Amino acid sequence: MNTQKLYEFLILSKTLSYSKAAAALYISQSTLSKHIKEMESELNTKLFFRTTHGVTLTDAGFLLSSKAAGLIDKCSEAANLVHLTDIPLTGRIHIACVLELSYASHIRVFISRFMEKYPDIHIEVTVLSEGTSEDMLNNLEYDFLFTPCEFLHLPQGIQAHLIQSHGIYAALYPGHPLLSKSTLQLRELEGETIVVPFSHQLFGPYAQNWLLVQKYTRNQVNCIKAPNLPTALYEVQLGRGIALVPRYIKSFVSNNIFFTGISTDACRFNEYLYYKASEENKAVQLFFEEFRKSFLQSL
């Protein structure tokens, strides 16, 4: 079964009208009807009931309709990969990754496996300890940027994709009374001092989660602003406050910082990939297609 017929089926399943579907597809009704009959013959099952009152899906048709869009996407991704991997590949890829996400195992493992699979493609990775600003996108010197920041205004040629979203932990110093709790609600942070890295970056998770803490504690909370994440964690070690951080932080902090999960669902840490599309650099296209196949949801 080719993807064109599957797409025609999908349009018909949405419109439930041969005339409307044919018009949307710029084909005749007779051609559409012929292709649907060929699909039904190939699958050995009826996909539509056709009566004088209109068209309805059979149970089999409803099941196929629910899966068709995903099948078409997978076929398209596979076709793109076949096209790219059919070309002898060399080239360079420059990746920037904020400090936190450099400790994300799924990103690190993917890059390592890609390098093993395509040894003639040189990958350079820059770890950004000072965060990311929206201005970076206007003059993006990297092919890919991994960051927790959700930028609202994307320059032409830059694509944004959500990788995943997960919960937050409270980083606590030894002896902190909240260590006795297995999980915390944000309202339980009332009266605490929160150390907030990148507090000026309102599009980033630290500032956004700080605003949530203020909301849930009715502003009964103090703030220490820190220029970056390492400074914030050092403040926690000194016992000056607590910080709300992603799970990766556990991989590189000292043993005198302890972690308790935040159970308030609104408090999240997202991972985004920003991609500078390049028709000329096939290596960049290949990296993106393989990463998208594994992880990505378009924004």
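Residues numbered from 1 in each chain as written. Predicted model: local features only at pLDDT ≥ 70, side-chain atom pairs only at ≥ 80, totals over all residues. Heavy atoms only, no water.

## A word on the overall build of the protein
No. 1: Counting its secondary structure elements, the protein contains eight helices and 14 strands.
No. 2: Taking 19 Å as the expected radius of gyration for a compact globule of 299 residues, we find that the protein reaches 25 Å, considerably beyond that expectation.
No. 3: Seen through its C-alpha atoms, the protein measures out along the principal axes to roughly 75 × 50 × 30 Å.
No. 4: A total of 299 residues make up the protein; the buried ones form 46% of that total.
No. 5: Partitioning the intrachain contacts of the protein with sequence separation of at least 6 by distance along the chain shows that 74% fall at a separation of at least 24.
No. 6: As displayed, the protein offers around 15,600 Å² of accessible surface, 50% of which is attributable to carbon and sulfur atoms. (Helix = DSSP H or I, 4+ residues; strand = E, 2+ residues; numbered from the N terminus. Rg over C-alpha atoms; globule rule 2.2 N^0.38 Å. Buried < 20%, exposed > 50% of the residue type's maximum accessible area, 1.4 Å probe, protein only. Contact = heavy atoms within 4.5 Å. Areas by Shrake-Rupley, 256 points an atom, 1.4 Å probe, with all protein chains shown as cover.)

## Some points on the sheet that holds strand β11 (residues 243-245)
No. 1: If you walk across this open sheet you meet the four strands as β8-β12-β7-β11, and the pairing is mixed. At either end of the open sheet lies a strand with only one pairing partner, and these are β8 (183-184) and β11.
No. 2: Across three bridges, the pairing between strand β7 (residues 169-172) and β11 is antiparallel. Each residue of the ladder has a partner; that of Ala170, found in β11, is Leu244. (Pairing = 2+ DSSP bridges.)

## Description of the packing of helix α5 (residues 105-117) against helix α8 (residues 282-294)
No. 1: Across the interface, α5 lies against α8 with an axial gap of 12 Å and an inter-helix angle of 130 degrees. Classified by the angle their axes make, α5 and α8 are oblique. Regarding α5 and α8, the two cross each other, and that crossing is right-handed. Packed against α5, whose contacting residues are Phe110, Ile111, Phe114 and Lys117, the element α8 presents Ala283, Leu286, Phe287, Glu290, Phe291 and Ser294 at the interface.
No. 2: Classifying every residue of the contact of α5 with α8 gives seven nonpolar, one polar and two charged. (Axes fitted to C-alpha atoms, helices over the stretch in contact; angles between N-to-C directions. Parallel < 35°, antiparallel > 145°, perpendicular 65-115°, else oblique. Left-handed = near helix turned anticlockwise from the far one by under 90°. Nonpolar A, V, L, I, M, F, W, Y, C, P; charged D, E, K, R; others polar.)

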